[in-house]
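# Observations on the three-dimensional arrangement
Given next are the chains, with one letter for each unit.
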Amino acid sequence: MTRNELAEYLAGFLQAGKFKDYAPNGLQVEGRVEIKKIVTGVTACQALIDKAIALDADALLVHHGFFWKGEREVITGMKQRRIKALLTHDINLFGYHLPLDAHPMLGNNAELGRRLDIADAEPVLGLAQGLIWQGRLDKPVSAGVFGKHISEILNREALHIGDPAAEIQSIAWCTGGAQDYIDDAASLGVDAFISGEVSERTYHSALELGIHYFAAGHHATERYGIQALGEHLAREFDIEHEYVDIDNPV
């Protein structure tokens, strides 16, 4: 398929125009016209770009791309090296942030809920652009047991705030840097809230709101949507796909 065909398909499939986001969604760096191989990864860091070059990718498709609001506009230093590498090797960079978090079939939140065996998973419409999801466990379990389950599935130790012996069943979650949605989650009346990152203030909020909180890692909670998207494209079109995980403990 061509670069423009891929851009047009992803814009429609992910409904990118619906979101008020912190970075542009879609084609961020233009490369070659024809796309036969796509490499996917969470963040367009230099290590991932180097791997895409080594794999002779035509396009790099990521969740965290470039040109975030508030960053310096000049292309110098680290940003220059990353963009130069892409341009030198004629590789397209596509980035999709909130549209990939929210996608109901293969977004980060949908995939995380599926992996954690959360039943009746669905986005909370009308709240936080549909980025907060909620569901329930098949039966009540202790918060400590559920924390171990998160850690085992994501292969990263989850931080839990709350009494590990207390039973929980109803869950809300939002992947990545969504710790400040804890107030919204508490308003839903759920027992627990999961996000990726945690802040100092989150500890006090969780205790005072009476909600269990799990920080499972920004990278760890957002590995799955981009993989699922790449696999979807490989099934739908005559292109090769390879996911590359650049480990990040945050």
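Summary of the structure given here. (Residues numbered from 1 in each chain as written. Predicted model: local features only at pLDDT ≥ 70, side-chain atom pairs only at ≥ 80, totals over all residues. Heavy atoms only, no water.)

## Quick word on unusual backbone geometry
Working note: non-glycine residues mostly have negative phi, and peptide bonds are mostly trans. Heads up, the rule is: Relative accessibility under 20% of the residue-type maximum defines a buried residue, over 50% an exposed one, and the middle range a partly exposed one, all with a 1.4 Å probe and only protein chains included. What counts as a helix is a DSSP run of H or I of at least four residues, what counts as a strand is a run of E of at least two, and both are numbered from the N terminus.
The backbone phi angle of Ala-128 is positive, close to 55 degrees, even though this residue is not glycine. A relative accessible area of 21% means that Ala-128 is categorised as partly exposed. Even without a glycine there, the phi angle at Asn-155 is positive, about 55 degrees. Mapped onto the elements of the fold, Asn-155 is located in the loop between α6 (143-154) and β7 (159-161).

## Examining the pairing of strand β6 (residues 133-142)
Which entries qualify depends on this criterion: The rule for pairing is simple: two strands pair if DSSP sees at least two bridges between them.
Sheet topology note: the strand β5 (residues 119-123)/β6 ladder contains three bridges and is antiparallel. Across the sheet, Glu-122 pairs through a bridge with Gln-134, a residue of β6. In this structure, β6 lies alongside strand β8 (residues 167-173), joined through six bridges in antiparallel fashion. Within β8, the residue paired with Trp-133 across the bridge is Trp-173.

## Considering the sheet that holds strand β10 (residues 212-215)
Our working definition: Every axis corresponds to a line fitted to the C-alpha atoms, with the helix fit spanning only the stretch in contact, and the corresponding angles, defined between N-to-C directions, vary from 0 to 180 degrees. Any two residues having at least one pair of non-hydrogen atoms within 4.5 Å are treated as being in contact.
Ordered in space as β5-β6-β8-β9-β10-β7, the six strands form an open sheet in which the pairing is mixed. Looking at which strands have only one partner, the edges of the open sheet turn out to be β5 and β7. Adjacent strand axes in the sheet meet at a mean angle of 25 degrees when their direction is disregarded. On the sheet, helix α8 (residues 200-209) packs against β7 and β10 and is oriented at approximately 40 degrees with respect to β7.

## Considerations on the packing of helix α5 (residues 108-115) against helix α10 (residues 224-236)
Our working rule: Roughly parallel means an angle under 35 degrees; roughly antiparallel, over 145; roughly perpendicular, 65 to 115; everything else is oblique. Charged residues are taken to be Asp, Glu, Lys and Arg, nonpolar residues to be Ala, Val, Leu, Ile, Met, Phe, Trp, Tyr, Cys and Pro, and polar residues to be all remaining types, Gly included.
One way to put it is that α5 packs onto α10 with a least axis distance of 7 Å and a crossing angle of 105 degrees. Between α5 and α10, the angle falls in the class roughly perpendicular. Across the interface between the two elements, Asn-108, Glu-111 and Arg-115 from α5 touch Tyr-224, Gly-225, Ile-226 and Ala-228 from α10. Grouping the amino acids of the contact of α5 with α10 by side-chain chemistry returns three nonpolar, two polar and two charged.

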